[in-house]
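Take a look at the letters that make up each chain.
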Amino acid sequence: METYQVNENGYYGEFGGAYIPEILYRCVENLRENYRAILEDEDFQAEYQRLLRDYVGRPSPLYLARRLSAQYGCKIYLKREDLNHTGAHKINNALGQVLLARRMGKQRIIAETGAGQHGVATATACALMNMECVVYMGKTDVERQRANVEKMQMLGARVVPVTSGNMTLKDATNEAIRDWCCHPSDTYYVIGSTVGPHPYPDMVARLQSVISQEIKEQLQEHEGRDYPDYLIACVGGGSNAAGTIYHYLDDQRVQIVLAEAGGLGITSGKSAATIHLGKKGIIHGARTLVMQNEDGQIEEPYSISAGLDYPGIGPLHANLAAQHRAQILAINDDEALQAAFLLTRLEGIIPALESAHALGALPKLRFKPEEVVVLTVSGRGDKDMDTYLKVIKEYQPQ
Ligand SMILES: *Cc1c(COP(=O)(O)O)cnc(C)c1O
């Protein structure tokens, strides 16, 4: 049977693989050989499931949004990852990987972060499990994401400002890889999305797949069938989307819609719509679509949302787009803002700017009244209040 899951060589179609420096070969190989056995181990699962329930607060609700549904003429359920501890889906992955690192005998955790959300989730997991934690963050991001830097420090992590390149996420990632190369034996690198060399994309997708596992059970309860007609999620690197679609990848009854960040528009030169604009290349250890110029230099992405401006995309998602299994929509800054204010007024939920891109896909789709849509609200909007307040006059209904 055709499958959209990873194959045994670490590829999704022609995307994926592990393009890594020689010095990391043994580390990544060791992880590849062990991750599935550890993730499937009974004791690991017992501890992970206990933490997801009692610490993260899972299952996250599947909420029938009645007023939003009326607006778009279908039945819209929101998968409320915004209600998790630390405010987004990222904690599902961070907890799983830090648990796994401990099982592999590692004492030191490193991570990269852009907006700081993955850094906070990793620092949280490290505080809980008493692990040393170093977070690489571009200096530009350190300055514009003060609150998250302070949270990480309070949680006991060391935040290292990175001053190379544009001093943003891709530079922080390069620096984390450099650290890993210097300490391959005692250090574990927690990657925050479905990106990086195999087995990371598959491992992160599996850790986030609790989202679609729950959707199946919750839909069965609400609708008497365990699948929706549409699944909608935003994509930065692709982890909340991967979790949302994981158990439905090979179920053709379900239409998959992925919302990437259009920025000021895909032809404006200020965009992060990697699937629309990217060309095949290698970034951070994987063959995927990459925003690059004619010389293969990575182009700096732009989005109003700090969590979506990554110049690559997970290889799983690149393949879903190439095979036309998923519909990819670029949602611009203004469309995401409009959608965020609409959700807030209709349902009393202030979404993260990233999640607002998924909501921005709704007016671009045509639904039938009986159709069931599940849309993942990947995070809450507290961190984005400064941005929302700056534009509130333009977007608030009178
Ligand atoms: C980081 C982040 C994203 C984007 O990351 P993915 O790996 O694509 O899910 C989306 N939403 C929120 C709230 C985030 O913090």
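See the structure above.
Residues numbered from 1 in each chain as written. Predicted model: local features only at pLDDT ≥ 70, side-chain atom pairs only at ≥ 80, totals over all residues. Heavy atoms only, no water.

Considerations on the site of the ligand
Not every one of the 18 residues close to the ligand is listed here, only the nearest: Lys90, Ser193, Gly236, Ser239 and Ser378. In the environment of the ligand, an oxygen atom lies 2.9 Å from a nitrogen or oxygen atom belonging to the side chain of His89. Taking Asn240, its side chain carries an N or O atom lying 2.8 Å from an oxygen atom of the ligand. For the ligand, the accessible surface in isolation is 380 Å², of which the surrounding protein chains cover 97%. (Near = heavy atom within 4 Å. Polar contact = N/O pair within 3.5 Å; in protein donor to acceptor, adjacent residues only side chain to side chain. Areas by Shrake-Rupley, 256 points an atom, 1.4 Å probe, with all protein chains shown as cover.)

Concerning helix 14 (residues 333–347)
An ideal rise of 1.5 Å per residue puts 21 Å on 15 residues; helix 14 measures up with 21 Å between its terminal C-alpha atoms. Among all positions of helix 14, only Asp333, Ala336, Leu337, Ala339, Ala340, Phe341, Leu343, Leu346 and Glu347 are buried. Directly after helix 14, the chain includes Gly348, whose backbone phi takes a positive value near 70°. (Helix = DSSP H or I, 4+ residues; strand = E, 2+ residues; numbered from the N terminus. Expected span 1.5 Å × (residues − 1). Buried < 20%, exposed > 50% of the residue type's maximum accessible area, 1.4 Å probe, protein only.)

Observations regarding unusual backbone geometry
Cis geometry marks the peptide bond from Arg58 to Pro59; its omega dihedral reads 0°. Mapped onto the elements, Pro59 comes out in the loop between helix 2 (42–56) and strand 3 (62–64). Here the residue pair His198 and Pro199 is connected by a cis peptide bond, since its omega of 15° sits within 30 degrees of zero. With respect to the helices, strands and loops of the structure, Pro199 is situated in the loop between strand 8 (187–190) and helix 9 (200–208). A positive phi is found at Thr86, a non-glycine position, where the angle reads about 70°. With respect to the helices and strands, Thr86 occurs in the loop between strand 4 (75–80) and helix 4 (90–103). Residue Thr86 is classed as partly exposed on the basis of its relative accessible area of 27%. One non-glycine residue, Asn130, lies in positive phi territory at about 55°. Note on placement: Asn130 falls in the loop between helix 5 (117–129) and strand 6 (132–138).

Points about the packing of helix 4 against helix 5
Interhelical geometry of helix 4 versus helix 5 gives an angle of 45° and a closest axis separation of 9 Å. Classified by the angle their axes make, helix 4 and helix 5 are oblique. The way helix 4 lies across helix 5 gives a crossing that is right-handed. On helix 5, the residues that touch Lys90, Ile91, Asn93, Ala94, Leu95, Val98, Leu99 and Arg102 of helix 4 are Gln117, His118, Ala121, Thr122, Thr124, Ala125, Cys126, Leu128 and Met129. Residues that form the contact of helix 4 with helix 5 fall into these classes: 10 nonpolar, five polar and two charged. (Axes fitted to C-alpha atoms, helices over the stretch in contact; angles between N-to-C directions. Parallel < 35°, antiparallel > 145°, perpendicular 65-115°, else oblique. Left-handed = near helix turned anticlockwise from the far one by under 90°. Contact = heavy atoms within 4.5 Å. Nonpolar A, V, L, I, M, F, W, Y, C, P; charged D, E, K, R; others polar.)

Looking at the pairing of strand 5 (residues 108–113)
The element strand 5 is extensively covered by neighbouring structure, given that six of its six residues are classed as buried. Every second residue of strand 5 is oriented toward a common face, with Arg108, Ile110 and Glu112 on one face and Ile109, Ala111 and Thr113 on the other, all of them buried. Bridging between strand 5 and strand 6 involves six bridges; their strand directions are parallel. Across the sheet, the residue bridging to Arg108 is Glu132, located in strand 6. (Pairing = 2+ DSSP bridges.)

Topic: the packing of aromatic side chains
Following the criterion strictly, the structure yields seven aromatic pairs and no others. A centroid spacing of 5.8 Å and a plane angle of 5° characterise the contact between Phe341 and Tyr395, whose relative ring orientation is stacked. Taken together, the residues Phe341 in helix 14 and Tyr395 in helix 16 (residues 385–395) connect sequence positions 54 residues apart. Across the pair, Tyr395 and Phe341 agree in class, each one buried. Put simply, the rings of Trp180, Tyr189 and Tyr200 pair up and form one aromatic cluster. (Phe/Tyr/Trp six-rings, centres within 6.5 Å; stacked < 30°, edge-to-face > 60°.)

Structural notes on the sheet that holds strand 10 (residues 255–263)
Read across the open sheet, the six strands follow the order 3-4-14-9-10-13; overall the sheet is mixed. Either end of the sheet is taken by a strand with one partner, and the two such strands are strand 3 and strand 13 (326–332). Neighbouring strand axes in the sheet, compared pairwise and without regard to direction, differ in orientation by 25° on average. Here strand 9 (residues 230–234) runs beside strand 10; their pairing, made up of five bridges, is parallel.

Considerations on the environment of Ala121
Its location among the elements puts Ala121 in helix 5. Taking the relative accessible area as the measure of exposure, Ala121 reaches 0% and is therefore buried. Ignoring any residue separated from it by four or fewer positions in sequence, one finds Ala121 in contact with Lys90, Ile91 and Ala94.

Thoughts on the state of the cysteines
Overall, the coordinates contain zero disulfides when judged by the stated rule. Sulfur of Cys27: no disulfide; nearest cysteine sulfur belongs to Cys181 and is 8.4 Å away. Free cysteine: Cys234, not disulfide-bonded; nearest cysteine sulfur from Cys74 at 18 Å. (Disulfide = S-S within 2.5 Å.)

Here's the deal with the nonpolar core
Within the largest apolar cluster, 92 residues are counted, with the highest numbers of intra-cluster contacts made by Leu100, Tyr188 and Met203. Looking at this core element by element, the count peaks at seven residues for helix 4. Of all hydrophobic cores here, the second largest spans 38 residues; its members include Phe341, Ile349, Leu353 and Ala361. (Core = buried A, V, L, I, M, F, W, Y, C linked by side-chain atoms within 4.5 Å.)

Considerations on the side chain of Glu81
Mapped onto the fold, Glu81 is located in the loop between strand 4 and helix 4. Assessed through its relative accessible area of 0%, Glu81 is described here as buried. Once residues within four sequence positions are removed from consideration, Glu81 is found in contact with Arg58, Ser60, Gly87, Ala88, His89, Asn92, Ile211, Thr376, Val377 and Ser378.

Remember that the coordinates give geometry; whether it matters functionally is a separate question.
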